[in-house]
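Residue-level structure breakdown
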Amino acid sequence: MSATSGIAAAVSADNETDIKQNKSDVNDHDEARLASPITVEDGLVGRLLQSVNWMPPWCRYDPHHPPKFTLSMNVLLAFSTTFTVANLYYPQPILNVIARDFHVSYERSSNVATLSQAGYATGLLLLCPLGDMVPRRPFILVLILATATLWIGLCLTSNFQVFLSLSYLCGVGTVTPQLMLPLVGDLAPAHRRASSLSIVVSGLALGLLVARVLSGVVANFTAWRNIYWIALGAQYLTFILLFFTLPDYPAKNKGLSYLQALWKMAVLAVTEPLLIQACLMGFLLSAAFTNFWTTLTFLLASPPYNYSSLEIGLFAFIGVAVISLAPVWSFLITDRFVFLFSSILGLSVELIGIIPGTFISNFTVAGPIIQAIFMDTGSNFAHTANRSNIYSLDPKARNRVNTIYMVFCFAGQLTGTAAGNRLYAQGGWVWSSSMSIGAIGTAILIGLVRGPRESGWIGWKGGWNIRKDKVEEKAEQQVPGGEAHTLEESKRA
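In short, a report on the structure.

Conventions and cut-offs
- Residues numbered from 1 in each chain as written.
- Predicted model: local features only at pLDDT ≥ 70, side-chain atom pairs only at ≥ 80, totals over all residues.
- Heavy atoms only, no water.
- Disulfide = S-S within 2.5 Å.
- Buried < 20%, exposed > 50% of the residue type's maximum accessible area, 1.4 Å probe, protein only.
- Helix = DSSP H or I, 4+ residues; strand = E, 2+ residues; numbered from the N terminus.
- Contact = heavy atoms within 4.5 Å.
- Phe/Tyr/Trp six-rings, centres within 6.5 Å; stacked < 30°, edge-to-face > 60°.
- Salt bridge = Lys/Arg side-chain N within 4 Å of Asp/Glu carboxyl O.
- Axes fitted to C-alpha atoms, helices over the stretch in contact; angles between N-to-C directions.
- Parallel < 35°, antiparallel > 145°, perpendicular 65-115°, else oblique.
- Left-handed = near helix turned anticlockwise from the far one by under 90°.
- Nonpolar A, V, L, I, M, F, W, Y, C, P; charged D, E, K, R; others polar.

Describing the state of the cysteines
Chemically, a disulfide is nothing more than a covalent bond linking the sulfur atoms of two cysteines. Throughout the structure, instances matching the rule amount to zero disulfides. Just so you know, C170 is unpaired, no disulfide at all, and the nearest cysteine sulfur is the one on C155, 9.1 Å from it. Of all cysteine sulfurs, the one in C409 lies closest to C279, which takes part in no disulfide; the gap is 7.2 Å. Classification of C279 as buried rests on a relative accessible area of 1%.

Below, the structure written as structure tokens:
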């Protein structure tokens, strides 16, 4: 009896242990399911989403030990933005080659670039607001993987209509950099948020310049399709690197509906003075920047320069060198002073370069070189300060705030390209570059009519001091990632 009782007791103990373990496993499974909204139990799509949503242990979110934002993570995100946003700009220098290969006119081939940008605008408006509602890690990974897979069609298709359609769809998925920037705003410590953002913004600007240079060089010496194969490899490499390194971060507005998110975005766009001020400055900044780089091609291809397309493409390396120094400027200035001061300083740097470049570029190459250096430096500086400023508005709406800012910037790019081309056709370089002087001058005035501590639409309430107040610095340090109250709310309280 005693032996039988002992065996029964042992079996009972083992069963209890198994039951406790099973309960623990179920609880862990339930917690994992609750932690992420991307959970579909059955079907191929469900298994695919669960596979993408799986993450290495070191990437999983722990509320007691939030992910540390390291320099290596900062650089990796910058690398990722470079080779994702580049998708929009690979075709621009080779539209003539694409037209010849598909046997279409130059006008029709230009639709490749137009539809890529239109897809990007669609993604900005419809996808980026979701970043405030769902976990960013799986969202970013799914977009990169889907875009890379669609990109295979661009590498293979011989049908121009299919090529156009895929260009649009790939443009929609290329908005991942605009999801990464608010993520940096959440992860980076407040005292170095501006310099961290500057590194990623530099990666974005490098993507624009590197894509044009690389595309022109590859198409000049090999088949034009090779640049698309290179881009495909870069996208899959980006996906693999982020899959094993991008930290998880919980959704910030779990109960928010999509329509509510869009409505809040529309309300912010017309009621928040700080956001509107930054957006108008961003619009004018972008208009001047794209006006310069678009009409510069016409200037350098004309007498007295008569540069080849390859030489014009290599000219962009000036911007690459300058943009690489932007994080240093942000660390030394943007992180230490009020953000509006850095915005106005960046605009002033641009204006200093544009004025001489406008009037001497027709007879010396020193003109466009000086203008490129000062414009790239000032533009990166001002955009970083604007983003740092608007991210203090509502930490739970950073993706929507960023979307509003980028819509204005995108509209500025289109305006700068269209108006700059028309002015260059009518009056040459002096006319088109004078438009940039007017745009940057207006942006400086917009920055000056509302001070950094003003809560209303116009005025300088709170003083002219350009250094951050101790109260502001303390508020930033107490809210790493900005999940509690915001600095803007502190000012108003």
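Additional details are given in the paragraphs that follow.
So, helix 4 (residues 95–102)
Inspection of helix 4 places L95, V97, I98, A99 and F102 among the buried residues, and these make up the whole buried set. In this structure, the buried residues of helix 4 make contact with helix 5 (106–126), helix 7 (160–173) and helix 10 (225–245). H103 sits one or two residues past helix 4 and shows a positive phi near 60°.

Observations concerning the packing of aromatic side chains
The full count for this structure, using the stated rule, is 18 aromatic pairs. On the numbers, 5.3 Å between centres and 55° between planes, the contact of F102 with F160 is tilted. Residue F102 is found in helix 4, and its partner F160 is found in helix 7; the two are separated by 58 residues along the sequence. Here F160 falls in the buried class, since its relative accessible area comes to 7%. Taking 6.1 Å as the distance between ring centres and 50° as the angle between the ring planes, the aromatic pair formed by Y120 and F410 counts as tilted.

Overview of unusual backbone geometry
A cis amide bond, omega 10°, links P303 with the succeeding residue P304. Within the fold, P304 resides in the loop between helix 12 (273–301) and helix 13 (309–314). Backbone geometry places H103, a non-glycine residue, at a positive phi of 60°. With respect to the helices and strands, H103 occurs in the loop between helix 4 and helix 5. With a phi angle near 55°, N306 is a residue other than glycine that sits in the positive phi range. Counting through the fold element by element, N306 comes out in the loop between helix 12 and helix 13.

Re the pattern of salt bridges
Counted according to the given criterion, the structure contains four salt bridges. Of the charged contacts, one joins R400 and D132 as a salt bridge, the two residues approaching to 2.7 Å between their closest N and O atoms. Placement of the pair is R400 in helix 18 (residues 398–448) and D132 in the loop between helix 5 and helix 6 (136–156), with a sequence separation of 268 residues. Exposure class is identical for R400 and D132. Each is buried. Put simply, R136, D186 and R398 are held in one network by salt bridges that share partners.

Structural notes on the environment of W329
Positionally, W329 belongs in helix 15 (residues 326–334). The exposure class assigned to W329 is partly exposed, which follows from its relative accessible area of 42%. Expressed as a C-alpha distance, the spacing of W329 and S198, which sit 131 residues apart in the sequence, is 8.8 Å. Sequence-distant contacts of W329, defined by excluding residues within four places in its chain, comprise T334, T377 and F381.

Considering the packing of helix 9 (residues 193–221) against helix 15
Two numbers describe a pair of packed helices, the interaxial angle and the distance between the axes. In contact at an axis separation of 8 Å, helix 9 and helix 15 are set at 160° when each is read in the N-to-C sense. Judged by the angle between their axes, helix 9 and helix 15 are roughly antiparallel. For the crossing formed where helix 9 meets helix 15, the hand is right-handed. For the pair formed by helix 9 and helix 15, the contact residues are A194, S195, S198, I199 and S202 on the first element and A326, P327, S330, F331 and T334 on the second. Among the residues forming the contact of helix 9 with helix 15, the class breakdown is five nonpolar, five polar and no charged.

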